[in-house]
Amino acid sequence: SECSGKCGQTGVQKRTRSCLAEAEPGASPCNLTCVMGRVNADCDACMCQDVTLHGKVSLEDGSPAAGARVYLQAKKLKLLTAANGAGAFRIPGVCPDGKSTLKIRKQRGWSNRIQGTEINVSLCCDAVGTPEPDRYLWYHNGSLLDPSLYKYKNNLILKNLNRGQSGEYFCKASSDGGSAKSQPAKLAVIGKEEPPCDPQPQSHPIRLPHDCFQNTTNSFYYDVGKCPAKICAGKLDKGLRCKDNTAYCCGVSKMETRQISCNGYTLPTKVAVECGCKKCTETKKTVRGRAIAADNGEPLRFGHIYLGNKRVSMTGYKGTFSVHVPVDTERLVLTFVDRLQKFVNTTKVLPFNEKGGAVFHEVKLLRKKPPVTLESSETNVISLGEMEDDDPIAELEIPPYAFYRKNGEVYTGKVKASVTFLDPRNVSAADVTQSDLNFVDDEGDIFPLRTYGMFSVDFTDEQGTESLNAEDVKVHLDTAQVKMPEHLEEMKLWSLNPETGLWEEEGDFSLERSRRHKREERTFLVGNMEIKERRLFNLDVPESRRCYVKVRAYRSERFLPSEQIQGVVISVINTEPEPGFSSNPRAWGRFDSAVTGPNGACVPAFCDEQNPEAYGAYILASMGGEELEAASSAPKLNPNVIGVPQPYLNKLNYRRTDHEDPSTKKTAFSINMAKPNPNSPEENNGPIYAYENLSECEEAPYSAAHFRFYRVEGDTYDYNTVPFNEDDLMSWTDDYLAWWPKPMEFRACYIKVKINGPQEVNIRSRNMGGTHPRTIGKLYGIRDVRSIRSPERPGVSAACLEFKCSGMLYDQDRVDRTLVKVVPQGSCRRDGVNSMLHEYLVNHLPMATNNDSSEYTMLAPLDPLGHNYGIYTVTDQDPRIAKEIALGRCFDGTSDGTSRTMKSDIGVALTFTCAERSAAEQSAFQSPRNSGQQSLLELPRESAAFRRPQGSRRTAPGRSPMRAQRSPAY
């Protein structure tokens, strides 16, 4: 009410407040008592703040009950949440005391017809081969569809769709040469009133700046919500076709601007409040990497890269390469060919990110053995395997006059023979494995192989100009090298099909006893082969004991679900331990890799249910050439850090590589591949899943057991007003305040700042709209970075600070020159501005005012400029690569070079002098760590191994002071 007194007089004013929080003890009229948690504000239930209930609702026919409402049964029904499109829901705060009753109601308007009309769908099966496939079968949820009823060939038409037709469909194509099955296609049939996407955004907390602690959540995090980018039913094309012209995905349909209170300022952010079905964000899928020799790292210079029979790219001088992944590619098979013939032609199946962006791979090449001269008129024996103090695994026996030319003429001259063997007893050679060791059986299913060695053969005439074939070649495999007796009967000889990346059977082996090279009598497996077009062979056994390993990667060792990283390559080396020594492998048998998505990665590996130590595995993770660190196993196993509960953790015998020797690298761990016991509940929630439970592994919630890797957290911080995950390009939102205005072209800009002063300094760029009428004065985002001390000059440091590039906004209608403010932390004075940069800004009006000498403000240049201006700009299809290349150039102070050591006096744009910070003054990057948020969130404490010594950049031993280790020289 208004005050009853006039100004300066005594008066009365009434104020009314409605208290929503829990009343003080003793003053509350609520009679409800809680065994667990506390009473909620409505006094009708108990709340447990740290507990989240996960559930799933299904209809009578087993299909998900998308949109079903979940209520709390109390005096009055209280709506808690709604199920998403998969029928899943989560409710935070429900106490597991057995007293809370949930009531679930179906959404109104359920119908067995989608969109209320008769909808037909066409599925197509595109198969190629020699001879051409002429028989097709279609399956629904694993059951064969009656060909006489559906009248299908290579396309399947489903008419008048109903819910019962939801599920997975795949085709099987056959010819006289064999069979192959397609990847399954998932069909979802939704109700007439059912939304194609769950309108309720999922929780997505983002980290706030160091000076923006939130008292309401006791953390530096704020939930901005997100809409998972999954396929949805948008506008249907007229007529039946194999693929719609336009793809639709669930995405943000409505956002609201919220103001976050920080220390002395407010921070705007866009929050997703509603999800809907819209056109999918267009992205490009790319694989990049480096092809190098496995023995000494020599690059494959100007090598050819083939996709099937088509040359699609070349490697650079440093062995770097970039290949665009064609649309609809399910399996990317690339062959690397050395024109100088120093390396074995190498075929690799490279995983890629299906949502777009680049994935980095380091391709290891096996160096060819120097050729030896053979007499074609004599019997020649070539050993396979040269391990010290051990016998060869096998031998090749070539009879007299076995060599012949491509026209069939017998060759009688001298032969130059180069036979290169990949020995599985050498564990360090596992990543040189060709292809992914899979084959297709008679039914068209893909099965894995366990290798006992692969070899490449190269026969030429004496001049080395003509390639020769060989027939009636025998392979003698020493049975003493096969430690698993059951493998002797299953051993086969295989050759690699470089177009498919699959191994195809060449022949069987038979037992033979013989006395060779004056040794004792031994038993060999003998197989026959002919060497013609294919030159890569494998001694392999089909293995049916298979599992999947669940692995997640994180931005830091806090292991927060919101800090998971996509695009990380997880590799598994299957090992066969020495009897009695599970940590000391006798040989490796398989190498597999997968790329992390929004829910981690599931990597295949051999496993055994009867004997946990029958198979072991080494697991590694890399991103852009940088090796991530695994969760620690010393001084004792901590299930909360590793991510796997006891007693299953002990059974798996988890050991990080530095477990015995702290001086070794921390970038891998070993486990026993113990297949989960179906009768043991604690073993059926990850991290090992039976092979038939792949979907459970892929869809496992964050709370399920999994193994963990993390990046060593650097001293950088990014904040975007419009949230965007650089690991997931599909999370891009079309908004005028988006930091990256184009999802298929990412332009990264950095400015180099030099600091004169005894200490490293934290520097911030504040980026706002400068000239565009829709964004002027509005915040795009914030970037924080810490300067890096010069190794030569103790009183000088420098930083490469990101800012938002000027240019077109998302509608591509009008440019905006970003208003960039560079602010060093502490008592700093601006000493100088690069003369060329200043001249450019003067000549390209308008020009920002700079009245405050403790900072610098500019309207960012539209042109890319370069090192002479102290500005570094790179454009790429992947934001991380654009940033890392620009960082490498900025560190080096050049426009075309790269460095991992900061060169503080070269290519500088701004110079500041900063006074020494007092001991009581916190660093911007220490503040979040010292705030106590980790104990409030019950997260593991920061390891002493990663505490930053005074005056040094916080990096792991041997690491350069950059965020990533990818070579930026593309």
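Residues numbered from 1 in each chain as written. Predicted model: local features only at pLDDT ≥ 70, side-chain atom pairs only at ≥ 80, totals over all residues. Heavy atoms only, no water.

1. Thoughts on the overall build of the chain
Thinking step 1. Helix and strand content of the chain: eight helices and 61 strands.
Thinking step 2. Each of the 970 residues in the chain was classed as buried or not, and the buried ones make up 50%.
Thinking step 3. The contacts in the chain between residues at least 6 apart in sequence include a share of 69% that link residues at least 24 apart.
Thinking step 4. Summed over its atoms, the accessible surface of the chain is roughly 46300 Å², and 48% of this surface lies on carbon and sulfur atoms. (Helix = DSSP H or I, 4+ residues; strand = E, 2+ residues; numbered from the N terminus. Buried < 20%, exposed > 50% of the residue type's maximum accessible area, 1.4 Å probe, protein only. Contact = heavy atoms within 4.5 Å. Areas by Shrake-Rupley, 256 points an atom, 1.4 Å probe, with all protein chains shown as cover.)

2. Focus on the sheet that holds strand β6 (residues 102–105)
Thinking step 1. Pairing within the open sheet is antiparallel, and its three strands lie in the order β4-β3-β6. Edge positions in the sheet fall to β4 (78–82) and β6, since each has one partner strand and no second. Neighbour-to-neighbour, the strand axes of this sheet turn through a mean angle of 30°, independent of strand direction.
Thinking step 2. Relative to β6, strand β3 (residues 69–72) runs antiparallel, the two sharing four bridges. Each bridged residue has a counterpart across the sheet, and for tyrosine 71 the counterpart in β6 is lysine 103. (Pairing = 2+ DSSP bridges. Axes fitted to C-alpha atoms, helices over the stretch in contact; angles between N-to-C directions.)

3. Let's talk about the state of the cysteines
Thinking step 1. Here the structure, examined in full by the defined rule, presents 13 disulfides.
Thinking step 2. In this model cysteine 34 forms its disulfide with cysteine 46; the gap between the sulfur atoms is 2.1 Å. Residues cysteine 34 and cysteine 46 are joined through a disulfide that is left-handed, its torsion about the S-S bond being -95°. In this pair, cysteine 34 is assigned in the segment before β1 (38–39) and cysteine 46 in strand β2 (residues 46–56), connecting sequence segments twelve residues apart. (Disulfide = S-S within 2.5 Å.)

4. Let's talk about helix α6 (residues 879–892)
Thinking step 1. For α6, built from 14 residues, the straight-helix expectation of 20 Å at 1.5 Å per residue is met to within 8% by its first-to-last C-alpha distance of 20 Å.
Thinking step 2. Across the 14 residues that make up α6, a large majority, 13, are buried.
Thinking step 3. Residue aspartate 878 occupies the N-cap position of α6, its side-chain oxygen lying 2.9 Å from the main-chain nitrogen of arginine 880.
Thinking step 4. Once α6 ends, the next one or two residues include glycine 893, with phi positive near 75°. (Expected span 1.5 Å × (residues − 1). Polar contact = N/O pair within 3.5 Å; in protein donor to acceptor, adjacent residues only side chain to side chain.)

5. Let's talk about the packing of aromatic side chains
Thinking step 1. Counting across every chain of the model gives 21 aromatic pairs.
Thinking step 2. Taken together, a centroid distance of 4.8 Å and an interplanar angle of 10° make the contact between tyrosine 139 and phenylalanine 170 stacked. Here tyrosine 139 is found in strand β8 (residues 135–140), whereas its partner phenylalanine 170 is found in strand β11 (residues 167–175), with 31 residues between them in sequence. Grouping residues by exposure puts tyrosine 139 and phenylalanine 170 together as buried.
Thinking step 3. When the centroid spacing of 5.1 Å and the interplanar angle of 70° are considered together, the rings of phenylalanine 213 and phenylalanine 220 count as edge-to-face.
Thinking step 4. You can call phenylalanine 220 buried: its relative accessible area is 1%.
Thinking step 5. The ring of tyrosine 139 carries lysine 181 above its face, with NZ or CZ at 6.0 Å from the centroid. (Phe/Tyr/Trp six-rings, centres within 6.5 Å; stacked < 30°, edge-to-face > 60°. Lys NZ or Arg CZ within 6 Å of the ring centre and 35° of its normal.)

6. Some details on helix α5 (residues 835–843)
Thinking step 1. Taken together, the buried positions of α5 are occupied by Leu837, Tyr840 and Leu841. Axial view of α5: buried residues confined to an arc of 95°, hence all on one face. Facing away from the buried side of α5 by over 90 degrees, the exposed positions are Ser835 and Asn843.
Thinking step 2. Here α5 starts with a cap whose side-chain oxygen sits 2.9 Å from the backbone nitrogen of methionine 836, and that cap is asparagine 834. (Arc of directions from axis to C-beta.)

7. Notes on the pattern of salt bridges
Thinking step 1. This model, assessed by the stated rule, comprises 46 salt bridges.
Thinking step 2. With a shortest N-O distance of 3.0 Å, aspartate 445 and lysine 181 are connected by a salt bridge. Of the two residues, aspartate 445 is situated in the loop between β30 (438–440) and β31 (446–461) and lysine 181 in strand β12 (residues 178–181); the sequence distance between them amounts to 264 residues.
Thinking step 3. Residue classification places aspartate 445 among the partly exposed positions, given a relative accessible area of 27%.
Thinking step 4. Residue class for lysine 181 comes out partly exposed when judged on its relative accessible area of 29%.
Thinking step 5. The partner of aspartate 876 in a salt bridge is arginine 288, with the nearest N and O atoms 2.4 Å apart. Taken as a pair, aspartate 876 in strand β60 (residues 871–876) and arginine 288 in strand β18 (residues 285–293) lie far apart in primary sequence, 588 residues in all.
Thinking step 6. A relative accessible area of 11% places aspartate 876 in the buried class.
Thinking step 7. Given a relative accessible area of 8%, arginine 288 falls into the buried group.
Thinking step 8. Residues joined in a network through salt bridges with shared partners are Asp718, Glu726, Arg783, Glu802 and Lys883. (Salt bridge = Lys/Arg side-chain N within 4 Å of Asp/Glu carboxyl O.)

8. Let's talk about the environment of alanine 882
Thinking step 1. Secondary-structure assignment places alanine 882 in helix α6.
Thinking step 2. Placed 134 residues apart in sequence, alanine 882 and alanine 748 show a C-alpha to C-alpha distance of 5.7 Å.
Thinking step 3. Excluding anything up to four places from it in sequence, alanine 882 contacts Phe746, Ala748, Val874 and Asp876.

9. Let's talk about a nonpolar patch on the surface
Thinking step 1. Side chains of Phe302, Met314 and Tyr317 sit close together on the surface and give an oily, nonpolar patch of about 300 Å² of accessible area.
Thinking step 2. Mapping phenylalanine 302 onto the fold places it in the loop between β18 and β19 (304–307).
Thinking step 3. Judged by relative accessible area, which is 37%, phenylalanine 302 ranks as partly exposed. (Patch = residues over 30% accessible without salt bridge, like charges linked within 9 Å, V, L, I, M, F, W, Y side chains within 5 Å.)

10. Quick word on the pairing of strand β29 (residues 414–422)
Thinking step 1. With seven of nine residues buried, β29 is to be regarded as a mostly interior element.
Thinking step 2. By the bridge criterion, four bridges tie strand β25 (residues 372–375) to β29 in an arrangement that is antiparallel. Bridge pairing in β29 links glutamate 375 to lysine 414.

11. Here's the deal with unusual backbone geometry
Thinking step 1. Cis geometry is found at the peptide bond from alanine 634 to proline 635, where omega equals 0°.
Thinking step 2. Cis geometry marks the peptide bond from leucine 845 to proline 846, where omega comes out at 0°.
Thinking step 3. Notably, glutamine 812 is not glycine yet its phi reads approximately 55°, a positive angle.
Thinking step 4. Along the polypeptide, glutamine 812 turns up in the loop between β55 (807–808) and β56 (815–816).
Thinking step 5. Using a relative accessible area of 38% as the deciding quantity, one classes glutamine 812 as partly exposed.

12. Considering the environment of isoleucine 573
Thinking step 1. Within the element layout of this structure, isoleucine 573 appears in strand β39 (residues 569–578).
Thinking step 2. Remark: the alpha-carbon pair of isoleucine 573 and aspartate 592, spanning 19 residues in sequence, is separated by 6.7 Å.

13. Re the environment of glycine 93
Thinking step 1. Structurally, glycine 93 is set in strand β5 (residues 88–94).
Thinking step 2. Taking C-alpha positions, glycine 93 is 8.3 Å from cysteine 46, a pair spaced 47 residues apart along the chain.
Thinking step 3. Setting aside anything within four residues of it in sequence, one finds glycine 93 in contact with Cys46, Met47, Cys48 and Val51.

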